[in-house]
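Take a look at the letters that make up each chain.
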Amino acid sequence: MSGGEKEHKPATRMVEAGRKREWTSMPGKPGGVVNPPVWRASTHLYDNSSDHAEGRPNEDGHFYYGRRGGPTQWALADALTEMEPGAQGTQLFPSGVAAIACTLQALLRPGDELLVTDNAYEPTRNLAMGMLKRQGVDIRPFDPLDLDGFPSLFGDTTRVVMMECPGSLTMEVCDVPALARIAREKGAVSVLDNTWASPLGFAGLAHGCDVTVMSLTKHVGGHSDLMMGSATATNPAFGRIRRQSQFLGQVVSPDDASLALRGLRSMALRLERETASALAIAEWLSARSEVSAVLCPMLPGAPGHAMWQRDFTGGCGLFSFVLADADNSARARFIDALDLFGIGYSWGGFESLITPFDPAPIHQLRAWPPGIDTGSGLGVRLSIGLEDPADLIADLEHAFAAMGAA
């Protein structure tokens, strides 16, 4: 950034980023359009034989072949890079899981060791314990809240630490800056799944991580109509991720990139509304006798709130709670009685969703249920959308009544 330019706030950068003049106007012509057009192309042409012989730099912004993207994909990648101070670049993928898988493949070799947080997103755990293990990578889970014991886990072959904050489903907030610092001191690369907070709520690279991955399907898309992921990184990790992505032929369509760009522009407002509604609903749930624990880092007094308050600048609509005195049938009655909450695995869209969860079988180190007095241990995850929170609370109240009416 030149001396005359002002350092804008994240929400402003989210509106302005990825709108370079060369992507929104015709060369040599005045004016332009607001949004980068959808450039659909498999073939990029060279001006002449000399131009072809010189080739093109392997960087966004240079035409080469459709698999390396075009102005629509470049604009989205540029905008996401702009959201992470210190980033070298962003690579796009057809899903969040693809972003995680390609990133870990790029950074690991047979014989290397991966430390993976014990409360990871289940597909992350599955690809680590499955695909990467078959490829000769040693996998070691770690307790993300055991900061004192973390340094002793590193060995001569430990190359990557995979983190997620808050933890998937169970919402633990770990000390990401400290974990990333220790990883760097030990010569390992730190990768953070930052889908929950996004760079608006937690600037992962600024907090010491080397790579942040996101499922753009969630907050960035925001309308439950696209699948996409991203990996934003510093060098040299970014160069390795980009090469691996190209080896595997990873590419996203310009039409989906355009949808993600559209969602990105309104993401700050949607997150603000969803966070406020989620906090109101979490407070309401914390007073219900049917609930033994509310796992919402934004809620004062909830597990991880102090760490969240220290490190985060925002949240989102996703959180969980534990039923106090229920069995599987009661939980099913509760979920089935809801009218405004759809039953679905995704989140981050404009609509509210609910899913039951039971993480005990997949956690190796993190005890479930958490704490001492947690009742049934049956979990419920909510994704709060843009509906009026009063209507959502009324819907939940009706469902609690149905749960106890057996």
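Keep in mind that what you see is a predicted model, and the values were worked out from it rather than measured. (Residues numbered from 1 in each chain as written. Predicted model: local features only at pLDDT ≥ 70, side-chain atom pairs only at ≥ 80, totals over all residues. Heavy atoms only, no water.)

Here we have five strands laid out as an open sheet, ordered E8-E9-E12-E11-E10, and mixed in their pairing. What marks the edges here is a single partner per strand, and that holds for strand E8 (291-295) and strand E10 (342-343). Taken together, the two bridges between E10 and strand E11 (residues 353-357) define a ladder with parallel strand orientation. In the sheet register, Ile343 faces E11, and the bridge partner there is Ile354. Running at roughly 175 degrees to E11, helix H12 (residues 328-336) makes contact with strand E9 (318-323), E10, E11 and strand E12 (379-383) of the sheet. (Pairing = 2+ DSSP bridges. Helix = DSSP H or I, 4+ residues; strand = E, 2+ residues; numbered from the N terminus. Contact = heavy atoms within 4.5 Å. Axes fitted to C-alpha atoms, helices over the stretch in contact; angles between N-to-C directions.)

The next thing to look at is the sheet that holds strand E2 (residues 113-117). If you walk across this open sheet you meet the seven strands as E1-E7-E6-E5-E4-E2-E3, and the pairing is mixed. The sheet is open, and its two edges are formed by strand E1 (89-93) and strand E3 (138-142), each paired on a single side. For this sheet, the mean inter-axis angle between neighbouring strands, taken without regard to orientation, is 20 degrees. Across five bridges, the pairing between E1 and strand E7 (residues 229-233) is antiparallel. Paired with Gly89 across the strands is Ala233, a residue of E7. Lying over the sheet, helix H7 (residues 176-185) contacts E3, strand E4 (158-164) and strand E5 (189-193), oriented at roughly 170 degrees with respect to E4.

The next thing to look at is the packing of aromatic side chains. By the definition in use, this model includes eleven aromatic pairs. Centroid distance Trp308 to Phe312: 6.4 Å. Interplanar angle 20 degrees. Geometry classified as stacked. Here Trp308 matches Phe312 in class, with each residue buried. If you follow Arg68 out to its NZ or CZ, it ends over the ring of Tyr64, 3.8 Å from the centre. (Phe/Tyr/Trp six-rings, centres within 6.5 Å; stacked < 30°, edge-to-face > 60°. Buried < 20%, exposed > 50% of the residue type's maximum accessible area, 1.4 Å probe, protein only. Lys NZ or Arg CZ within 6 Å of the ring centre and 35° of its normal.)

On to unusual backbone geometry, then. A cis amide bond links Cys165 with the next residue in sequence, Pro166, at an omega value of -5 degrees. Relative to the helices and strands, Pro166 is located in the loop between E4 and H7. For the peptide bond that leads from Asn235 to Pro236, omega is 10 degrees, which places it in the cis range. In this fold, Pro236 is placed in the loop between E7 and helix H9 (237-247).

As a further point, take the layout of surface pockets. Approximately 740 Å³ is the volume attributed to the largest pocket. Around the largest pocket sit 37 residues that line it, and Tyr121, Pro123, Ser168, Tyr345 and Arg381 are the ones nearest its centre. Residue assignment for the lining of the largest pocket shows that the elements contributing at least two residues are helix H5 (96-107), helix H6 (122-134), strand E6 (211-215) and E11. In this model, the second largest pocket occupies a volume close to 350 Å³. Along its surface, the second largest pocket is lined by 16 residues, and Glu59, Asp60, Gln88, Gly89 and Phe238 are the ones closest to its centre. Of all elements in the fold, only helix H2 (21-24), helix H4 (71-83), E1 and H9 reach the threshold of two or more residues within the lining of the second largest pocket. (1 Å grid on protein atoms, 1.4 Å probe; cavity = no way out; pocket = protein on both sides within 12 Å on 5 of 7 lines; lining within 4 Å. Points joined across faces, edges and corners; volume = space filled by probe spheres on them.)

So, on to the packing of H4 against helix H10 (residues 254-286). Where H4 meets H10, the closest approach of the two axes is 8 Å, and the angle between their N-to-C directions is 35 degrees. When the axes of H4 and H10 are compared, the crossing they make is left-handed. Where H4 abuts H10, its residues Thr72, Gln73, Ala75, Leu76, Ala79 and Leu80 lie against Pro254, Ala257, Ser258, Ala260, Leu261 and Leu264. Considering only residue class, the contact of H4 with H10 consists of nine nonpolar, three polar and no charged. (Left-handed = near helix turned anticlockwise from the far one by under 90°. Nonpolar A, V, L, I, M, F, W, Y, C, P; charged D, E, K, R; others polar.)

Turning our attention to the pairing of E7. Burial of E7 is extensive: five of the five residues sit out of reach of the surface. Alternating positions in E7 separate into two faces, Gly229, Ala231 and Ala233 on one and Ser230 and Thr232 on the other, with burial throughout.

Looking now at the pattern of salt bridges. All chains considered together, the criterion is met by 15 salt bridges. Here Lys20 makes a salt bridge to Asp78, at a shortest N to O gap of 3.6 Å. With Lys20 in the loop between helix H1 (10-16) and H2 and Asp78 in helix H4, this pair connects stretches of sequence that are 58 residues apart. Of the residues examined, Lys20 reaches a relative accessible area of 36% and is grouped as partly exposed. We note a salt bridge from Arg242 to Asp60, for which the minimum N-O separation is 3.2 Å. Taken together, the positions of Arg242 in helix H9 and Asp60 in the loop between helix H3 (49-54) and H4 put the pair 182 residues apart, joining distant regions of the chain. One salt-bridge network, held together by shared partners, links Asp175, Arg310 and Asp311. (Salt bridge = Lys/Arg side-chain N within 4 Å of Asp/Glu carboxyl O.)

It is worth spelling out the nonpolar core at this point. Core analysis: the largest hydrophobic core is formed by 90 residues, its most contacted members being Trp196, Leu285, Phe319, Phe321, Phe334 and Leu382. Tallying contributions element by element places H10 first for this core, with eleven residues. Listed in part, the 29 residues of the second largest apolar core include Leu107, Val160, Ala233 and Ile241. (Core = buried A, V, L, I, M, F, W, Y, C linked by side-chain atoms within 4.5 Å.)

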